Amino acid sequence: MKSRKILFLLTFLIGIVMLIIWFYPYRQMIILEEVRSEQPKAYYLPLHENRNFQIQYIHSIHLSNVKEQYRITDNGKLRFEFMQYEDVAIGLPGYAEEGETLQVEDGVYTLTFENRVIDSFVLYVGRVNTDLSLRYEQQDYHLKEFLQKGHSYEFHVAKVSNYKMLKGVRLNEK
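Keep in mind the model is a prediction, meaning the values are calculated, not measured. (Residues numbered from 1 in each chain as written. Predicted model: local features only at pLDDT ≥ 70, side-chain atom pairs only at ≥ 80, totals over all residues. Heavy atoms only, no water.)

Undergrad: Can you help me understand the pattern of salt bridges in this one?
TA: Two side chains with opposite charge may pair up if their charged atoms get near one another. Enumeration according to the criterion identifies four salt bridges in this entry. Ionic pairing is found between Asp119 and Lys77, a salt bridge with its closest N-O pair at 2.4 Å. With Asp119 in the loop between strand S7 (108-118) and strand S8 (121-124) and Lys77 in the loop between strand S4 (65-72) and strand S5 (78-85), this residue pair connects regions lying 42 residues apart in the sequence. Glu100 is the salt-bridge partner of Arg116, the closest N and O atoms lying 2.7 Å from each other. Taken together, the residues span a long stretch of sequence, with Arg116 in strand S7 and Glu100 in strand S6 (residues 100-105) at a distance of 16 residues. Of the residues examined, Arg116 reaches a relative accessible area of 35% and is grouped as partly exposed. (Salt bridge = Lys/Arg side-chain N within 4 Å of Asp/Glu carboxyl O. Helix = DSSP H or I, 4+ residues; strand = E, 2+ residues; numbered from the N terminus. Buried < 20%, exposed > 50% of the residue type's maximum accessible area, 1.4 Å probe, protein only.)

Structure representation (structure tokens):
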């Protein structure tokens with residue numbers, strides 16, 4: 001009778017541990033989650049020691065390169081550090097506002113932000129066949145190979161459980 005109680009208790013404890021491993025959000029990820037969709041897909045990229053990443057794209061109107069640099073803060077927010085671009089006008093400012101610095105060197109504008117911290121941003125994947133990539137840890141992830149053109153995705157950082165990860169797609173396919 002005592003061995004049955006021990007076996008039951010051991011089975012119960014193993015079950016609890018397995019549930020914790022399966023459902024506890026412990027792994028910090030860069031997440032691109034589809035918005036305005038009845039069945040949104042989520043795309044994950046594991047976050048490691050490096051806290052910097054870049055979004056690089058071709059501006060849909062100017063057809064010129066744009067690079068945005070972000071840093072992930074200790075509490076999982078996004079610190080927008082700077083953006084570089086070659087043309088000014090729609091969506092690309094030709095002057096700096098309060099808390100910003102604009103420098104122009106060799107025809108490249110660099111707009112640096114003092115302290116612009118955001119929870120997330122929405123990334124629209126245009127139908128135009130131009131580059132859109134996420135650069136993290138010296139590797140480029142060409143987002144148009146994963147994400148659906150014409151859809152919007154919320155870009156944020158969060159801790160994710162193994163269960164939630166299995167429901168999504170990993171960008172690094174590892």
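Undergrad: I tried to follow the sheet that holds S5 on my own but got confused; where do I start?
TA: A sheet is described by the order of its strands in space; here seven strands give the open sequence S6-S7-S5-S4-S3-S9-S10, paired in antiparallel fashion. Two strands close off the open sheet at either side, each with one partner strand: S6 and strand S10 (139-142). Taking each pair of neighbouring strands and ignoring which way they run, the sheet shows an average axis angle of 20°. Where S5 meets S7, seven bridges bridge the pair, whose relative direction is antiparallel. Each bridged residue has a counterpart across the sheet, and for Met83 the counterpart in S7 is Leu111. (Pairing = 2+ DSSP bridges. Axes fitted to C-alpha atoms, helices over the stretch in contact; angles between N-to-C directions.)

Undergrad: What should I look at first to understand the pairing of S10 in this one?
TA: On a regular strand, each side chain points to the face opposite its neighbour's, so the side chains alternate between the two faces of the sheet. Of the pairings in the sheet, the one linking strand S9 (residues 132-136) to S10 comprises four bridges and is antiparallel in character. Looking at S10, one finds that Leu134 is bridged to Tyr141. Where S9 folds back on S10, the antiparallel hairpin that results is connected by two residues, among which Glu137 adopts a positive phi of roughly 50°.

Undergrad: Sorry, what's going on with the sheet that holds strand S11 (residues 152-160) here?
TA: As a general point, the strands of a sheet are linked pairwise by backbone hydrogen bonds and lie either parallel or antiparallel. Read from one edge of the open sheet, five strands run S8-S11-S1-S2-S12, paired in mixed fashion. The open sheet terminates on both sides in strands that have one partner only, identified here as S8 and strand S12 (169-170). Direction of pairing for strand S2 (residues 42-46) relative to S12: parallel, over a ladder of two bridges. Note on S12: the bridge partner recorded for Tyr44 is Arg170.

Undergrad: Teacher, can you tell me more about the nonpolar core here?
TA: In globular proteins that are soluble, nonpolar side chains generally tend to be buried together. Counting 32 residues, the largest nonpolar core has Phe53, Ile55, Met83, Leu134, Phe155 and Leu171 as its most contacted members. With four residues, S5 is the single largest residue contributor to this core. Those residues within four positions of Phe53 in sequence are excluded, and the remaining contacts are Glu68, Gln69, Tyr70, Ile72, Leu78, Leu134, Arg135, Tyr136 and Phe155. Counting residues in hydrophobic clusters, the runner-up holds six residues, among them Met29, Tyr44, Val160 and Met165. (Core = buried A, V, L, I, M, F, W, Y, C linked by side-chain atoms within 4.5 Å. Contact = heavy atoms within 4.5 Å.)

Function cannot be read off these values alone, since they describe shape.
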